[in-house]
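Listed below are the residues making up each chain.
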Amino acid sequence: DKVKMIGDAYYCVAGLRPGTTATENAAWAARAALEMLESETPLPPLRAGIHSGPATSAFIGHSRISYELFGATVRVAMELEKTG
């Protein structure tokens with residue numbers, strides 16, 4: 001649904017589309033991580049942090065607008081990724 005790069009890490013968000021269930025979104029996130037691990041394209045070592053829950057979104061900026069996600073759910077996923 002949404003992929004963004006922060007520093008040397010990518011983060012993906014599943015569940016932004018209306019009408020999807022939590023189970024479908026979790027499965028999408030896990031499949032995306034597995035596809036990256038199984039990719040034939042050489043990739044650097046991969047760590048994943050997957051967490052589910054509410055998040056707040058907003059458009060940030062004036063001249064260069066970006067779509068951001070905030071909240072405990074995002075922070076927990078980022079911490080899980082950092083600890084590998």
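Here the structure is shown first, and the text comes after it.
Residues numbered from 1 in each chain as written. Predicted model: local features only at pLDDT ≥ 70, side-chain atom pairs only at ≥ 80, totals over all residues. Heavy atoms only, no water.

Asks: Break down the overall build of the chain for me, citing the residues and quoting the values.
Replies: A tally of helices and strands in the chain yields 2 helices and 4 strands. Beginning at the N terminus, the succession of helices and strands in the chain can be written as β-β-α-β-β-α. Of all 84 residues assigned to the chain, the portion counted as buried reaches 17%. The contacts of the chain with a sequence gap of at least 6 include a subset with a gap of at least 24, amounting to 32%. (Helix = DSSP H or I, 4+ residues; strand = E, 2+ residues; numbered from the N terminus. Buried < 20%, exposed > 50% of the residue type's maximum accessible area, 1.4 Å probe, protein only. Contact = heavy atoms within 4.5 Å.)

Asks: Can you lay out helix H2 (residues 72-83) for me, pointing to particular residues and giving the numbers?
Replies: An ideal rise of 1.5 Å per residue puts 16 Å on 12 residues; H2 measures up with 16 Å between its terminal C-alpha atoms. Taken residue by residue, H2 has Thr-73, Val-74, Ala-77 and Glu-81 as its buried positions. Buried residues of H2, seen end-on, are gathered within an arc of 100° and therefore sit on one face of the element. Opposite the buried face of H2, by more than 90 degrees, sit the exposed residues Arg-75, Lys-82 and Thr-83. (Expected span 1.5 Å × (residues − 1). Arc of directions from axis to C-beta.)

Asks: Tell me about the pattern of salt bridges, and please be specific about residues and values.
Replies: In total, this model carries 1 salt bridge according to the counting rule given. Between Lys-82 and Glu-79 there is a salt bridge, and its shortest N-O distance comes to 3.4 Å. Note that Lys-82 and Glu-79 are positioned in helix H2 at a spacing of 3 residues, about one turn of the helix. Glu-79 gets classed as partly exposed once you look at its relative accessible area, which sits at 44%. (Salt bridge = Lys/Arg side-chain N within 4 Å of Asp/Glu carboxyl O.)

Asks: A description of the pairing of strand S4 (residues 66-70) should follow, citing residues and the corresponding values.
Replies: With 5 bridges joining them, strand S3 (residues 56-60) and S4 adopt antiparallel strand pairing. Residue pairing for S4: Phe-59 is matched across the bridge by Tyr-67. Once S3 ends, the chain turns through 5 residues before running back antiparallel as S4, passing Gly-61 with a positive phi of about 110°. (Pairing = 2+ DSSP bridges.)

Asks: Before we move on, can you summarise the environment of Ala-14 with the specific residues and values?
Replies: By secondary structure assignment, the location of Ala-14 is in the loop between strand S2 (9-13) and helix H1 (22-38). Classification of Ala-14 by relative accessible area gives partly exposed; the value is 26%. The sequence separation of Ala-14 and Asn-25 amounts to 11 residues, and the corresponding C-alpha distance is 5.2 Å.

Asks: Residue-level account of the environment of Leu-37, with values.
Replies: Along the chain, Leu-37 falls in helix H1. The spatial distance from the C-alpha of Leu-37 to the C-alpha of Arg-47 is 9.4 Å, given a sequence separation of 10 residues.

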